[in-house]
Amino acid sequence: MTAVPETLTAHLPDGVAEAVDARLLVAAEDDIVARIWRRDDTVWGPAGQPEVADRLGWLDIADRLLPEADDLIAFADEVRDAGILDVVLLGMGGSSLAPEVLRRTFGFQAGYPHLHVLDSTDAQAVLDVEAVTDPDTTLYVVATKSGGTIETLSAFAHFHALQPDGTHFVAITDPGSKLVDLATEHGFRRTFLNDPDIGGRYSALSYFGLVPGALMGANIRGLLQGAGIAAAAARPIDTRVEHAALWLGAALGELSARGRDKLTFLIDEPLQSFGLWVEQLVAESTGKTNEHPEHGENAVGILPVADEPLGAVAGYGQDRVFVHLERSDGEPSEGDLARAALMTELAAAGHATITTRFSPASLAEDLGGLFFTAEFATAVAGWVLGINPFDQPNVQEAKDNTAKALEARTPAQPDAHDHELQELLAAAGPPSYVAIMAYVAPSEQFDAAIAELRAAIRDATQATTTFGYGPRFLHSTGQLHKGGPKHGRFLQLVHGAAAGVEIPGQDYDFETLKAAQAIGDLETLRHHGLPAERVTLGEDPVAAVKHLTTRVQGLL
Ligand SMILES: O=P(O)(O)OC[C@H]1O[C@H](O)[C@H](O)[C@@H](O)[C@@H]1O
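The protein chain is annotated in an unreviewed UniProt entry as Glucose-6-phosphate isomerase from Paraconexibacter antarcticus. Looking at the protein chain in UniProt, the text filed under Catalytic activity (unreviewed entry) is "alpha-D-glucose 6-phosphate = beta-D-fructose 6-phosphate". Its UniProt record, at the heading Sequence similarities (unreviewed entry), says of the protein chain: "Belongs to the GPI family."

Attention now moves to the domain arrangement of the protein chain. Domain assignment breaks the protein chain into domain 1 (8-42 + 240-360), domain 2 (59-224) and domain 3 (395-555). Each of domain 1 and domain 3 was reduced to a C-alpha centroid, and the two centroids are 26 Å apart. Residue-level contacts link 30 residues of domain 1 with 25 residues of domain 3. Carbon and sulfur atoms supply 54% of the area that domain 1 and domain 3 bury against each other, a total of about 2,000 Å² over both sides. Interface area lost by domain 1 to domain 3 is led by Glu-284, Leu-303 and Pro-309, which between them contribute 23%. Here domain 1 and domain 3 share 1 salt bridge between them. One salt bridge connects Glu-308 with Arg-458, and the closest N-O pair in it is separated by 4.0 Å. Between domain 1 and domain 3 we count 12 residue pairs in polar contact (both at pLDDT 80 or more) in total. When residues of the side of domain 1 that touches domain 3 are traced back to their parent elements, those giving at least two are helix 12 (274-286), strand 8 (288-292), strand 9 (296-300) and strand 10 (303-305). Residue contributions to the side of domain 1 that touches domain 3 peak at 6 residues, all from helix 12.

This paragraph deals with the sheet that holds strand 6 (residues 190-193). Strand order in the open sheet made by the 5 strands is 3-2-4-5-6, with parallel pairing throughout. Here the strands that pair on one side only, and so sit at the sheet edges, are strand 3 (114-118) and strand 6. Sheet twist, expressed as the average angle between the axes of neighbouring strands with direction ignored, equals 20°. Both strand 4 (residues 138-143) and strand 5 (residues 169-173) contribute to a ladder of 4 bridges, which runs parallel. The residue bridging Tyr-140 from the neighbouring strand is Phe-169, located in strand 5. Sheet strands touched by helix 4 (residues 69-81): strand 4, strand 5 and strand 6. Its angle to strand 6, the strand with the most contacts, is close to 155°. Each of strand 2 (86-90) and strand 3 is contacted by helix 5 (residues 97-106), which is oriented at about 140° to strand 3, the strand it contacts most.

A turn of α-helix holds 3.6 residues, and therefore any two residues three or four places apart point the same way. Helix length check: helix 12 (13 residues) gives 18 Å between terminal C-alpha atoms against 18 Å at 1.5 Å per residue, within 8%. Burial within helix 12 is extensive, with 13 of its 13 residues counted as buried.

Counting 103 residues, the largest nonpolar core has Trp-58, Phe-274, Trp-277, Phe-371, Phe-372 and Phe-376 as its most contacted members. Take this core: its biggest share by element is 15 residues, from helix 14 (residues 363-385). Per-domain counts for this core show at least three residues from each of domain 1 (8-42 + 240-360) and domain 2 (59-224). Non-local contacts of Trp-58, meaning those with residues more than four positions away in its chain, are made with Asp-197, Ile-198, Tyr-202, Phe-372, Glu-375, Phe-376, Ala-379 and Phe-390. The next biggest cluster of nonpolar side chains, apart from the first, holds 31 residues, and it includes Tyr-140, Phe-159, Phe-169 and Leu-513.

We now examine the packing of helix 1 (residues 16-29) against helix 11 (residues 244-257). As a packed pair, helix 1 and helix 11 sit with axes 9 Å apart at the nearest point and diverge in direction by 125°. When the interaxial angle is binned, helix 1 and helix 11 end up oblique. Both helix 1 and helix 11 take part in a crossing whose hand is right-handed. Packed against helix 1, whose contacting residues are Val-16, Ala-19, Val-20, Arg-23, Leu-24 and Ala-27, the element helix 11 presents Leu-246, Trp-247, Ala-250, Ala-251, Glu-254 and Leu-255 at the interface. A breakdown of the residues in the contact of helix 1 with helix 11 according to their chemical character gives 10 nonpolar, no polar and 2 charged.

Trans peptide bonds make up the majority, and among non-glycine residues the majority have a negative phi. At the junction of Pro-430 and Pro-431, the peptide bond is cis and its omega measures out at 5° in the coordinates. Residue placement: Pro-431 occurs in the loop between helix 16 (418-426) and strand 13 (433-439). For the peptide bond that leads from Gly-470 to Pro-471, omega is 0°, which places it in the cis range. Considering the arrangement of structural elements, one finds Pro-471 in the loop between strand 14 (464-469) and helix 18 (478-483). In the Ramachandran plot, Arg-39 falls in the positive-phi region, its phi being about 60° despite a non-glycine side chain. Mapping Arg-39 onto the fold places it in the loop between helix 2 (32-37) and helix 3 (61-65). Of note, the phi angle at Glu-51 is positive, near 60°, even though the residue is not glycine.

What follows is about the packing of helix 9 (residues 207-215) against helix 10 (residues 220-233). Packed helices, taken two at a time, are described by their axes: the angle between them and the distance between them. Interaxial distance between helix 9 and helix 10 falls to 9 Å at its minimum, and their mutual angle equals 145°. Counted together, Leu-210, Gly-213 and Ala-214 of helix 9 and Ile-220, Leu-223 and Leu-224 of helix 10 form the full contact between these two elements. Classifying every residue of the contact of helix 9 with helix 10 by side-chain character gives 5 nonpolar, 1 polar and no charged.

Okay, the environment of His-158 next. Following the sequence through the fold, His-158 ends up in helix 7 (residues 150-162). Owing to a relative accessible area of 9%, His-158 belongs among the buried residues under this scheme. Along the sequence, His-158 and Val-126 sit 32 residues apart, while their C-alpha atoms lie 9.1 Å from each other. Setting aside anything within four residues of it in sequence, one finds His-158 in contact with Val-126, Glu-130, Val-501, Glu-502, Pro-504 and Phe-510.

Taken together, 15 residues form the shell around the ligand, and within it Ser-95, Ser-146, Thr-149, Glu-284 and His-475 come nearest. Ser-146 has a polar side-chain atom sitting 2.6 Å from an oxygen atom of the ligand. Between Lys-399 and the ligand, the recorded distance is 3.2 Å, taken from a side-chain N or O atom to an oxygen atom. About the coverage of the ligand: the protein hides 92% of its 390 Å² of free accessible area. Going through the elements one at a time, helix 12 and helix 15 (395-408) are the ones with two or more residues in the shell around the ligand. Grouping the constituent residues of the shell around the ligand by class yields 2 nonpolar, 10 polar and 3 charged. Both domains that furnish three or more residues to the shell around the ligand are identified here as domain 2 (59-224) and domain 3 (395-555).

Thresholds applied
- Residues numbered from 1 in each chain as written.
- Predicted model: local features only at pLDDT ≥ 70, side-chain atom pairs only at ≥ 80, totals over all residues.
- Heavy atoms only, no water.
- UniProt positions renumbered as here; feature names shortened; annotations may be inferred.
- Domains from an automatic or database assignment.
- Contact = heavy atoms within 4.5 Å.
- Buried area = accessible area lost by both parts, 1.4 Å probe.
- Salt bridge = Lys/Arg side-chain N within 4 Å of Asp/Glu carboxyl O.
- Polar contact = N/O pair within 3.5 Å; in protein donor to acceptor, adjacent residues only side chain to side chain.
- Helix = DSSP H or I, 4+ residues; strand = E, 2+ residues; numbered from the N terminus.
- Pairing = 2+ DSSP bridges.
- Axes fitted to C-alpha atoms, helices over the stretch in contact; angles between N-to-C directions.
- Expected span 1.5 Å × (residues − 1).
- Buried < 20%, exposed > 50% of the residue type's maximum accessible area, 1.4 Å probe, protein only.
- Core = buried A, V, L, I, M, F, W, Y, C linked by side-chain atoms within 4.5 Å.
- Parallel < 35°, antiparallel > 145°, perpendicular 65-115°, else oblique.
- Left-handed = near helix turned anticlockwise from the far one by under 90°.
- Nonpolar A, V, L, I, M, F, W, Y, C, P; charged D, E, K, R; others polar.
- Near = heavy atom within 4 Å.
- Areas by Shrake-Rupley, 256 points an atom, 1.4 Å probe, with all protein chains shown as cover.

Next comes the structure, spelled out in structure tokens:
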């Protein structure tokens with residue numbers, strides 16, 4: 001029998017601890033850890049399936065890039081010396097979320113440029129970045145693995161028209177992508193060619209995270225060292241040795257197989273934005289439908305839940321598992337204390353709870369370790385669930401439907417009437433969840449309004465709630481929405497921002513693109529037989545969400 005690894009504290013409901021132990025025995029018998037490190041693709045299915053063997057470069061990327069930390073820091077100094085005051089990262093999903101976590105976790109570093117992350121097609125979001133940056137003192141980092149992502153290339157076209165000097169641009173991409181040619185054509189300051197064996201959501205510790213991190217003055221050496229230590233701790237193949245990442249992956253897989261598939265994160269300051277990154281990692285990796293030769297279609301997945309406001313214990317269903325990233329030292333905030341208290345109550349009430357700790361004194365190292373451990377655990381959970389955690393087959397569908405809507409200029413679906421909203425939400429209790437998706441410029445005020453809407457729905461129905469900004473979530477939880485278990489109930493909110501914010505070279509502007517993405521996604525969800533409703537937000541989106549919350553409270 002194995003115990004919970006020392007770096008974690010866990011309370012598992014009856015029967016689950018035994019299942020995890022049994023799973024760890026199978027992992028030992030099947031040599032899973034050694035096979036993962038040997039990059040053996042048969043851990044996740046038949047040999048030779050696409051997007052497995054060539055998606056395991058993340059395993060040792062931290063050790064491979066540590067010797068390059070000095071070069072990255074020297075590059076950041078060169079950029080500072082060139083008078084750059086702002087860095088704008090243009091990217092989506094795996095190419096933007098780790099930089100966003102670094103930006104929010106470490107904040108402005110004196111003497112370094114401000115980092116901004118634009119991962120939206122909302123015209124106001126584009127204008128917001130424009131309003132606070134001067135193209136003459138701005139460096140634009142164009143980040144896309146494939147080199148073909150529509151949002152990223154649209155943003156590049158827009159900002160290149162404002163700043164035609166190529167030395168104000170940097171590319172991060174895979175060798176041979178279309179962006180490599182663009183960068184050469186326009187004389188970019190530098191192109192960082194990433195290891196192509198790393199997928200977007202596993203790329204935090206590659207150039208995709210490190211280049212923006214270095215540019216904003218974050219401690220990238222610490223990140224890499226912390227990740228290296230976590231990777232070393234994940235190497236032992238003897239299961240008698242503590243292996244936190246293996247245990248975590250086995251536990252999350254077994255919990256999910258028993259219906260506890262809503263992985264709810266409670267995260268202490270200043271790491272709260274980690275939820276945004278881990279959401280993509282877990283949702284896009286695990287939300288899949290398997291074609292099983294004997295059992296037919298089988299959809300699995302672990303739904304990550306980030307930034308949900310805390311509730312009363314009775315408000316949570318039995319479909320949850322709670323993971324607390326807890327600050328181990330320093331002055332706890334009120335929120336930190338509330339999270340710790342809730343975890344204690346949840347454990348006492350028989351919920352599955354897992355706690356891991358980080359220290360503000362070693363924030364970069366601990367964050368690097370968390371990135372790696374989460375990646376390894378997700379790969380293990382993929383093995384438990386019997387899916388390929390490295391592909392994203394359903395993301396393409398929404399992209400195709402966007403293209404169709406753009407081409408045909410399809411009008412938006414009508415707004416939900418009260419009875420439709422009621423039908424959508426009233427039946428949302430476990431195992432269902434309510435996904436709110438808002439096509440609007442991200443802001444703290446909007447986040448706060450959404451938190452109230454989520455609490456209202458959860459408290460009335462016990463449903464798990466998630467929230468994502470469109471089109472950001474399409475590259476993240478969007479995969480699980482369509483590929484995972486058909487438990488989602490979808491509420492799409494769309495705000496019409498300024499028309500006429502141009503995408504040079506295209507006959508549509510940002511708002512037209514955003515509208516097509518919303519239309520295309522709703523279409524895709526409905527095509528999968530999933531309940532999905534749309535609500536148009538009036539001029540003031542925050543006021544509109546508050547109004548919607550009152551309306552929903554009246555219906556539930
Ligand atoms: O880096 P890119 O090639 O631009 O891809 C950005 C994102 O887009 C896709 O939609 C994938 O689903 C994500 O996994 C990926 O991170």
